[in-house]
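What the coordinates show
Read off the chains here:
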Amino acid sequence: MTETSGATDAAERMPTIRDIAERAGVATSTVSRALSNPQRVNARTRERIEKIAAELHYVPSTQARGLSSGRTGAIAVLVPDVTNPFYFDIIRGTQNQLKAAGYTQLLVDTEEATDVELDALRRLRRTADGIILAASRLTDAQLTDAARQQPLVTINRATADAPTVLIDTPGAMVQALEHLASLGHSKVTYVGGPTSSWSTHRRWQAVQEAASRRGLDVTRIGPYSPKTSSGAAAADAALSTGATAFIAFNDLIAIGMLQRFRERGVRVPEDVSIVGCDDIFGADFCNPPLTTISSPIEQAGRTAVSMLLAQLDPVRGGTPRKLAVMPTHLVVRSSTGPVKP
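Since the structure is predicted, the reported quantities are computational estimates derived from the model, not experimental observations. (Residues numbered from 1 in each chain as written. Predicted model: local features only at pLDDT ≥ 70, side-chain atom pairs only at ≥ 80, totals over all residues. Heavy atoms only, no water.)

Moving on, we get to the overall build of the protein. The secondary structure content of the protein amounts to 14 helices and 12 strands. Dimensions of the protein, computed from the C-alpha atoms along their principal axes, are close to 85 × 50 × 35 Å. By the burial criterion, 48% of the 341 residues in the protein qualify as buried. Accessible surface computed for the protein: about 16,200 Å², of which carbon and sulfur atoms make up 50%. On the protein, the mean spot of the 37 positive side-chain charges and the mean spot of the 34 negative ones are 5 Å from each other. (Helix = DSSP H or I, 4+ residues; strand = E, 2+ residues; numbered from the N terminus. Buried < 20%, exposed > 50% of the residue type's maximum accessible area, 1.4 Å probe, protein only. Areas by Shrake-Rupley, 256 points an atom, 1.4 Å probe, with all protein chains shown as cover. Lys, Arg positive; Asp, Glu negative; His and termini not counted. Charge placed at Lys NZ, Arg CZ, Asp CG, Glu CD.)

This is the structure:
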């Protein structure tokens, strides 16, 4: 019984660098260098050590790594609203990529508030090795200061002082406007998001420029909080503009507008057409299914992690990129249709 228990204990014991060293036939200090400072070990030895570590399912001690390198082994991901389905895929992408790299993800909801975001950044300087900011509400000056304090990458918020992942929704906004024009809509209203949203201004600019080229009449209403509950007020204001088609800042506002239109007896797309943005889960379950802008959101999260890790470890991560642009496209469903004769 003793032998069985000992064997079980050995099987369940977490492998250490000593186990790797014994199997590789090298000193424990060599294993430590290969795993924490790989550039200090010759390639053949490093590869053998990494292979054995993988075979043994070795997991580095976060405490030990922190003591030796000043690292915590954690990356913070800040999003404006964790209940917004758009951020689900961002979070999934960052989580999967960080897990593969041996990092723990710290998730922070900044509540669409600049002061909450600033306070979180300050508190995370000692507890996270780096930051990923999704749709930051900070000013350029605040982002510049944050980038000087700690490695960070932004998503959908460009700044000259930090690497950025941009989802090209403005490009698809142009597709949306051209789609509406092809259906005979000559007057379109853009339903804007929060004033602090950098993306809403880019999207409105793209709509304006595309409308000018096509000779369309466009107007803007808002700002509106990017929630379904904002849709009723947005729908009422949109109808008062006299437009026959609407492009919403995001799907949540668009879905709320659909609900309000139904309450008021406004038919979609027979009376008016509406386009959303983000292609969140459920956008195709609406009544009618929502025409919207789709993009590789999860890939944006993965790319942001790769860009951040390249800052933290240029030797293994390669030259850090400053910009990555994610393509988008319009998904046409039943919420858009031709203008009534």
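A word on the nonpolar core. Core analysis: the largest hydrophobic core is formed by 73 residues, its most contacted members being Ile247 and Met257. Tallying contributions element by element places helix α13 (residues 297-312) first for this core, with 8 residues. In contact with Met257, not counting residues within four places along its chain, are Val191, Gly231, Ala234, Ala235, Ala238, Phe246, Ala248 and Ile274. Residues Leu78, Val108, Leu121 and Ala146 belong to the second largest nonpolar core, which totals 15 residues. (Core = buried A, V, L, I, M, F, W, Y, C linked by side-chain atoms within 4.5 Å. Contact = heavy atoms within 4.5 Å.)

With that settled, the discussion passes to the pairing of strand β3 (residues 130-134). In terms of burial, β3 is largely enclosed, as 5 of its 5 residues are buried. What you see with β3 is no split at all: Gly130, Ile132 and Ala134 on one side and Ile131 and Leu133 on the other are buried throughout. As defined by bridge partners, β3 adjoins strand β4 (residues 152-155) across 4 bridges and the pair is classed as parallel. By the bridge assignment for β4, Leu133 is matched with Thr154. For the crossover that starts at β3, traverses helix α8 (residues 140-149) and ends in the parallel β4, the hand is right-handed. (Pairing = 2+ DSSP bridges. Right-handed = clockwise from strand over helix to strand, strands pointing away.)

With that settled, the discussion passes to the environment of Leu309. Along the chain, Leu309 turns up in helix α13. Spatially, the C-alpha atoms of Leu309 and Ala101 are 8.7 Å apart, while their sequence positions differ by 208 residues. The residues contacting Leu309, other than those within four sequence positions of it, are Ala101 and Tyr103.

The next subject is the state of the cysteines. Throughout the structure, instances matching the rule amount to 0 disulfides. For the unlinked cysteine Cys277, the closest cysteine sulfur is that of Cys286, found at 14 Å. Look at Cys277 and you get buried, because its relative accessible area is 0%. (Disulfide = S-S within 2.5 Å.)

Structurally, Arg203 is set in helix α10 (residues 198-214). Buried within the structure, Arg203 lacks any salt-bridge partner; Asp278 is the closest side chain of opposite charge, at an N-O distance of 4.4 Å. Once residues within four sequence positions are removed from consideration, Arg203 is found in contact with Asn156, Thr169, Pro170, Met173, Tyr190, Phe249, Cys277 and Asp278. (Salt bridge = Lys/Arg side-chain N within 4 Å of Asp/Glu carboxyl O.)

A few words on the packing of helix α2 (residues 17-24) against helix α4 (residues 43-55). A pair of packed helices can be characterised by two numbers: the angle between their axes and the separation between those axes. It is the contact of α2 with α4, at a shortest axis distance of 10 Å, that shows an interaxial angle of 125 degrees. When the interaxial angle is binned, α2 and α4 end up oblique. Every pair of crossing elements has a handedness; the one defined by α2 and α4 is right-handed. Residues Ile20, Arg23 and Ala24 of α2 touch α4, and the partners they reach there are Arg48, Ile49, Ile52, Ala53 and Glu55. Grouping the constituent residues of the contact of α2 with α4 by class yields 5 nonpolar, no polar and 3 charged. (Axes fitted to C-alpha atoms, helices over the stretch in contact; angles between N-to-C directions. Parallel < 35°, antiparallel > 145°, perpendicular 65-115°, else oblique. Left-handed = near helix turned anticlockwise from the far one by under 90°. Nonpolar A, V, L, I, M, F, W, Y, C, P; charged D, E, K, R; others polar.)

Two numbers describe how helix α11 (residues 231-240) lies on helix α12 (residues 251-264): the axes approach to 7 Å, and their chain directions differ by 65 degrees. By the criterion of interaxial angle, the relationship of α11 to α12 is roughly perpendicular. Remark: the crossing between α11 and α12 carries right-handed chirality. Between α11, through Gly231, Ala232, Ala234, Ala235, Asp236, Ala238 and Leu239, and α12, the contact on the second element is made entirely by Ile253, Gly256, Met257, Arg260, Phe261 and Arg264. Split by residue class, the contact of α11 with α12 holds 8 nonpolar, 2 polar and 3 charged.

The subject of this paragraph is the confidence of the model for the protein. Summarising the model, the protein shows a mean pLDDT of 90, and 90% of its residues fall at 70 or more. Below pLDDT 50 for its whole length, residues 1-11 participates in 0 contacts with residues either more than four positions away or in separate chains. For residues 62-68, every residue scores under 50 in pLDDT, and the model assigns this stretch 8 contacts once sequence neighbours within four places are set aside. (pLDDT = per-residue confidence, 0-100.)

Between Gly222 and the following residue, Pro223, the backbone shows a cis peptide bond with an omega angle of 10 degrees. In this structure, Pro288 follows Asn287 across a cis peptide bond, with omega equal to 0 degrees. Within the chain, Glu112 stands out as a residue other than glycine whose phi angle is a positive 60 degrees. Relative to the assigned elements, Glu112 resides in the loop between β2 (104-109) and α7 (114-124). Since its relative accessible area comes to 22%, Glu112 is described here as partly exposed. Positive phi, normally seen in glycine, also occurs at Asp279, with a value near 55 degrees. Tracing the chain through its elements places Asp279 in the loop between β9 (273-275) and β10 (292-294).

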